[in-house]
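Geometric and topological summary
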Amino acid sequence: MSDAGGRPCPICERPMTHRHCKYVCPEHGVVYDCADTFY
């Protein structure tokens, strides 16, 4: 399904989940996708 405890959200620092080609924050929704450059 998805990975728990992944990369922290840059807005609220909550762990984001990785779904397909997106990082999803439980509070803010999709924060990064494959087209973005990662920190």
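An account of the accompanying structure is given in this report. Quick caveat, the model's predicted, so the values are computed rather than measured.

1. So, the pairing of strand E2 (residues 22–25)
Bridge count between strand E1 (residues 17–19) and E2: three bridges; the pairing is antiparallel. Bridged to His-18 within E2 is Tyr-23. Between E1 and E2, which pair antiparallel and follow one another directly, the connecting turn spans two residues, one of which, His-20, has a positive phi of 55°. Alignment of E2 against strand E3 (residues 29–33), held across four bridges, turns out to be antiparallel.

2. Looking at the packing of aromatic side chains
For the structure on display, the rule yields zero aromatic pairs. Looking at Arg-7, its charged tip hangs above the ring of Tyr-23, at a distance of 4.9 Å from the centre.

3. Considering the pattern of salt bridges
If the charged atoms of two oppositely charged side chains come close together, the side chains can form a pair. By the definition in use, this model includes one salt bridge. Between Glu-27 and Arg-14 there is a salt bridge, and its shortest N-O distance comes to 3.0 Å. With a gap of 13 residues between them, Glu-27 in the loop between E2 and E3 and Arg-14 in the segment before E1 connect regions that are remote in the sequence. Given a relative accessible area of 52%, Glu-27 falls into the exposed group. Exposure remark for Arg-14: the relative accessible area of 37% places this residue in the partly exposed category.

4. Thoughts on the nonpolar core
Cys-9, Met-16, Tyr-23, Cys-25 and Tyr-32 form the largest nonpolar core, which has five residues in total. In this structure Cys-9 touches Arg-14, Met-16, Cys-25, His-28 and Val-31, once residues within four positions along its chain are discounted.

5. With respect to the state of the cysteines
Tallied over the entire structure, the rule returns one disulfide. Covalent S-S linkage joins Cys-21 and Cys-34, the inter-sulfur distance amounting to 0.9 Å. Classification of the bridge connecting Cys-21 and Cys-34 rests on its S-S torsion, roughly -130°, and on that basis the disulfide is left-handed. A residue pair is termed long-range when its members are at least 10 positions apart, and Cys-21 in the loop between E1 and E2 and Cys-34 in the segment after E3 qualify at 13 residues. Residue Cys-34 is classed as exposed on the basis of its relative accessible area of 52%. Cys-9 forms no disulfide, and the closest cysteine sulfur to it belongs to Cys-25, at a distance of 3.7 Å. On the basis of relative accessible area, Cys-9 is assigned to the buried category, the value being 1%. Take Cys-12: it sits in no disulfide, and the sulfur closest to it among the cysteines is that of Cys-25, at 3.7 Å.

Conventions used here
Residues numbered from 1 in each chain as written. Predicted model: local features only at pLDDT ≥ 70, side-chain atom pairs only at ≥ 80, totals over all residues. Heavy atoms only, no water. Pairing = 2+ DSSP bridges. Helix = DSSP H or I, 4+ residues; strand = E, 2+ residues; numbered from the N terminus. Phe/Tyr/Trp six-rings, centres within 6.5 Å; stacked < 30°, edge-to-face > 60°. Lys NZ or Arg CZ within 6 Å of the ring centre and 35° of its normal. Salt bridge = Lys/Arg side-chain N within 4 Å of Asp/Glu carboxyl O. Buried < 20%, exposed > 50% of the residue type's maximum accessible area, 1.4 Å probe, protein only. Core = buried A, V, L, I, M, F, W, Y, C linked by side-chain atoms within 4.5 Å. Contact = heavy atoms within 4.5 Å. Disulfide = S-S within 2.5 Å.

Any functional reading would require information that these geometric values do not contain.
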